[in-house]
Amino acid sequence: MPKHENLIDQKLNDLNNDGVDRRGFLKCMAWAGTGLVWTLSGGIPVSEAFAAKMGKKAEKASFSFVQISDSHMGFNKPANPDVVATLQAAVSKINGLAEPPEFLLHTGDITHLSKPEQFDNVDQILKSASAKDVFFVPGEHDVLDDNGKSYLDRYGKNATAGGWYSFDHKGVHFIGLVNVQNLKAGGLGALGNEQLEWLEGDVKTLKHSTPIVVFAHIPLWSVYPDWGWGTQDSTQALGYLKKFGSVTVLNGHIHQTMQKVEGNVTFHTAMSTAFPQPQPGKADSPGPMKVPAEQLKSVLGITDVNYVRGQKSLAVVDSNLA
Amino acid sequence: MNSRRVWFAGITAQTMIAIALLLGALQNVAAADKQPADAAVKIDNFTFEPQTITVHVGTTVTWTNRDDIPHTVASVDGVFRSKVRDTDETFSYTFSKAGTYPYYCSIHPKMMGTVVVQ
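Residues numbered from 1 in each chain as written. Chains lettered and ligands numbered in written order. Predicted model: local features only at pLDDT ≥ 70, side-chain atom pairs only at ≥ 80, totals over all residues.

Caption draft 1: Molecular detail of the overall build of chain B. Along the backbone of chain B there are one helix and eight strands. Helices (α) and strands (β) of chain B occur, in sequence order from the N terminus, as α-β-β-β-β-β-β-β-β. Within chain B, the fraction of its 118 residues that count as buried is 25%. Partitioning the intrachain contacts of chain B with sequence separation of at least 6 by distance along the chain shows that 46% fall at a separation of at least 24. (Helix = DSSP H or I, 4+ residues; strand = E, 2+ residues; numbered from the N terminus. Buried ≥ 20, exposed ≤ 12 C-beta atoms within 10 Å, placed from the backbone. Contact = placed C-beta atoms within 7 Å.)

Caption draft 2: Seen up close, the overall build of chain A. A tally of helices and strands in chain A yields eight helices and 13 strands. Counting over 322 residues, chain A shows a buried share of 45%. Restricting to contacts in chain A with at least 6 residues of sequence separation, those with at least 24 account for 69%.

Caption draft 3: Up close: the interface of chain B and chain A. The partner chain A presents 18 residues to the 18 residues of chain B that form the contact. Here the residues of the side of chain B that touches chain A sort into 10 nonpolar, three polar and five charged. (Nonpolar A, V, L, I, M, F, W, Y, C, P; charged D, E, K, R; others polar.)

Caption draft 4: Molecular detail of the nonpolar core. Residue and element names in this part refer to chain A. With 85 residues, the main nonpolar core has Ala90, Leu177, Val214 and Ala216 as its most contacted residues. Residue contributions to this core peak at six residues, all from helix α4 (residues 83–95). For Leu177, the residues in contact, after removing those within four places along its chain, are Val137, Trp164, Leu191, Gln195, Val214 and Ala216. Val223, Trp229, Ile254 and Met258 belong to the second largest nonpolar core, which has five residues in total. (Core = buried A, V, L, I, M, F, W, Y, C linked by C-beta atoms within 7 Å.)

Caption draft 5: Highlighting the environment of Pro50(B). Residues and elements named next belong to chain B. Mapped onto the fold, Pro50 is located in the loop between β2 (47–49) and β3 (52–55). On the basis of neighbour counts, which here come to 13 C-beta atoms within 10 Å, the residue Pro50 falls in the partly exposed class. In this structure, the C-alpha to C-alpha distance between Pro50 and Thr114, residues 64 residues apart in sequence, is 8.9 Å.

Caption draft 6: Just the sheet that holds strand β5 (residues 74–75) of chain B, in detail. Read across the open sheet, the four strands follow the order β3-β8-β7-β5 (chain B); overall the sheet is mixed. Lying at the two open borders of the sheet, with one neighbouring strand each, are β3 and β5 of chain B. (Pairing = 2+ DSSP bridges.)

Caption draft 7: Summary view of the environment of Thr111(A). All names here are of chain A. Checked against the element boundaries, Thr111 lands in the loop between β4 (104–106) and α5 (116–126). Take Thr111: there are 27 C-beta atoms within 10 Å of it, and that puts it in the buried class. With 40 residues separating them in the primary sequence, Thr111 and Tyr151 have C-alpha atoms 9.7 Å apart. Beyond its immediate chain neighbours, meaning those up to four positions away, Thr111 contacts Met73, Gly74, Gln118, Phe119, Val122, His141 and Asp142.

Caption draft 8: Region of interest: α4(A). All names here are of chain A. Between its terminal C-alpha atoms α4 stretches 18 Å, which fits the 18 Å expected from 13 residues at 1.5 Å a residue. All of the buried residues in α4 are Val83, Thr86, Leu87, Ala89, Ala90, Val91, Lys93 and Ile94. Buried-residue contacts for α4 involve β3 (63–68), α5, β12 (301–307) and β13 (315–320). (Expected span 1.5 Å × (residues − 1).)

Caption draft 9: Broad picture of the sheet that holds strand β4 (residues 60–65) of chain B. All names here are of chain B. Ordered in space as β2-β1-β4-β6, the four strands form an open sheet in which the pairing is mixed. A strand with exactly one partner marks an edge of an open sheet, and here the two such strands are β2 and β6 (90–94). Direction aside, neighbouring strands of the sheet carry axes that sit 20° apart on average. Strand direction decides the pairing type here: strand β1 (residues 38–44) and β4, joined by six bridges, are parallel. (Axes fitted to C-alpha atoms, helices over the stretch in contact; angles between N-to-C directions.)

Caption draft 10: Inspection of the confidence of the model for chain B at higher detail. The predicted model of chain B has a mean per-residue pLDDT of 87, with 81% of residues at 70 or higher. Within the model, pLDDT remains below 50 along residues 30–35 of chain B, and this stretch shows zero contacts once partners closer than five positions in the same chain are excluded. (pLDDT = per-residue confidence, 0-100.)

Caption draft 11: Looking closely at unusual backbone geometry. Residue Glu49(B) is joined to Pro50(B) through a cis peptide bond whose omega torsion reads 0°. With a phi angle near 55°, Asp70(A) is a residue other than glycine that sits in the positive phi range. Judged by the 29 C-beta atoms lying within 10 Å of it, Asp70(A) falls in the buried class. Phi at Phe46(B) is positive, roughly 60°, even though this residue is not glycine. Mapped onto the secondary structure, Phe46(B) falls in the loop between β1 and β2.

Caption draft 12: Representation of the pairing of strand β8 (residues 212–215) of chain A within the structure. Residue and element names in this part refer to chain A. By the alternation rule, side chains of β8 split into Ile212 and Val214 and Val213 and Phe215, which are all buried. Of the pairings in the sheet, the one linking β8 to strand β9 (residues 247–251) comprises four bridges and is parallel in character. Each residue of the ladder has a partner; that of Ile212, found in β9, is Val247. Since β8 and β9 lie parallel, the crossover through helix α8 (residues 234–240) that links them has a hand, and here it is right-handed. (Right-handed = clockwise from strand over helix to strand, strands pointing away.)

Caption draft 13: Region of the structure containing the environment of Phe275(A). Residue and element names in this part refer to chain A. Looking at the element boundaries, Phe275 is found in the loop between β11 (265–269) and β12. Residue classification places Phe275 among the buried residues on the basis of 26 C-beta atoms within 10 Å. Separated by 192 residues in the primary sequence, Phe275 and Val83 place their C-alpha atoms 8.1 Å from one another. Not counting chain neighbours up to four residues away, the residues in contact with Phe275 comprise Phe75, Ala79, Asn80, His255, Pro288 and Met289.

Caption draft 14: Quick peek at the packing of α4(A) against α5(A). All names here are of chain A. Taken N-terminus to C-terminus, the directions of α4 and α5 make an angle of 30°; their axes are 10 Å apart at the nearest point. Viewed along their axes, α4 and α5 adopt a mutual orientation that is roughly parallel. At the point where α4 passes α5, the crossing takes the right-handed sense. For the pair α4 and α5, the contacting residues are Val84, Leu87, Gln88 and Val91 in the first and Asn121, Val122, Ile125 and Leu126 in the second. (Parallel < 35°, antiparallel > 145°, perpendicular 65-115°, else oblique. Left-handed = near helix turned anticlockwise from the far one by under 90°.)

Caption draft 15: Representation of the pairing of β1(B) in the model. Here β1(B) runs beside β2(B); their pairing, made up of three bridges, is antiparallel. Its bridge partner lying in β2(B), Ile43(B) is registered against Phe48(B).

See the structure below:
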C-alpha cells in the first residue's frame, strides 16, 4: 500500500530528532488492519499492530472518546454525492468499537453551507451514536454569512461568547478553540487576542500533570501555509501549554490524517467523513479529491482516542470506514 | 404627374431616410459610450481568474463560482462583500469610483484578487 508507506515516511520526517534512532525500529513495524496505534512511552513513539494492541488497551483504558470531523452536511458533488450515508457509516463504526466512547468531539465543518437543515441533519444522524454527548467546534463552513450566529445559537450555550470553552472529564482537561472567525486576506486560521487571553487564564491554575486535549478545526501547526493549513497565532497558544507534561492537539480541516510530535505535544488531524483532500502540494488546490467510488470509504474515517490513567499520553487510533 | 416634382420628392425622401439612418447610427454610438460595460471574473480551483482585472468607472463586475466548493468575494477595505456563493452562483458589484480594490475569499483567505478601476 504505497499510500501508507508515504504516511510512515511523513511521520518519520515530522518527528523530533533527539538522537534516538527510531527509523530502523519503525520501518520494521507492520501496518496491520484498519488502524495504527501510536502511544508515547517516555517520549519515544512506540507503534504496535492495531489488533494486537486493542485487547490489552480495553482492560487498562480509563476512558476513550472519538473524534469525527468535516461531515460537510449539504455537500453533493462528485467527490461524494451522499455525505449522509458516509456519516451514518462513521456512526456505525463508532458503535462497533470494542470499547464504547464516552463522548464524541466534532472538529468542525459540520455543515457545508451553515444552513439550519444541515445542522439539524447532523444532529439527527449523531443521535444514533452510542455516545450521547457530542462536543463541537466550528469550521469555516459553519460560520458563513451570519458571523457564526447559527452555529453559536446551537452549540454555544455552554461556551464563551466567541464559542471557545473547556471542560474536564475524569481528570483530563479538554479545550475547544475557534480559529475560523475573522480570517484576514492572505492569512491562515486565527485565534485572536481575546481567545488567547481566555486560554491563558483557563490553564493558569491547572497542575502540570493534568493531561490536556485541545481541539480546533484548522491545524494548530504549520501543515501547509500555501493552502491555509495552519493557524497564525497558535505559537502563543501553545506557549501557555508548555508547562504541561501531556498535550494532545486534535484538528480537522485537511481531510486526511497527519501527525506531528513536538516535545510533550502530539498534533493529530482526522480524516473527513465526507470527502478526502489531496496531500500538501500534490494538486493545484486543496479542494475535494475524487477517488473511485469503491475506494471512497477507505479514505474517510474516525479517530478513537484512549486515555489510560497513569500513562503520560493518549493513544490515538485512526480507522477508515471501509 | 410632373416628373420633376416626383424626382424631387424622391431625392428628398432618400435624403431624409439617409439623415434619419445617420442620426440613428450616431445615437447608437453615443448610447454605447454611456452604457457601462460588464466584466467577468471566474472562480475556479481556489483562484480568481483573472487575478487582477482592470475596468472603467461604472463597470459591473460579475464573479461566477465554477469551483466545486463555495467561496465568497470580500473587499479587504469593506467596500463590498458577497454572501457565500456555491457552484454556479454569482455576485455582481458596480464600481462607481476609480481606485484599487483588493479582495479575497473570506472562507479561504489565501485566495486573493484585485479590481483596478480607472
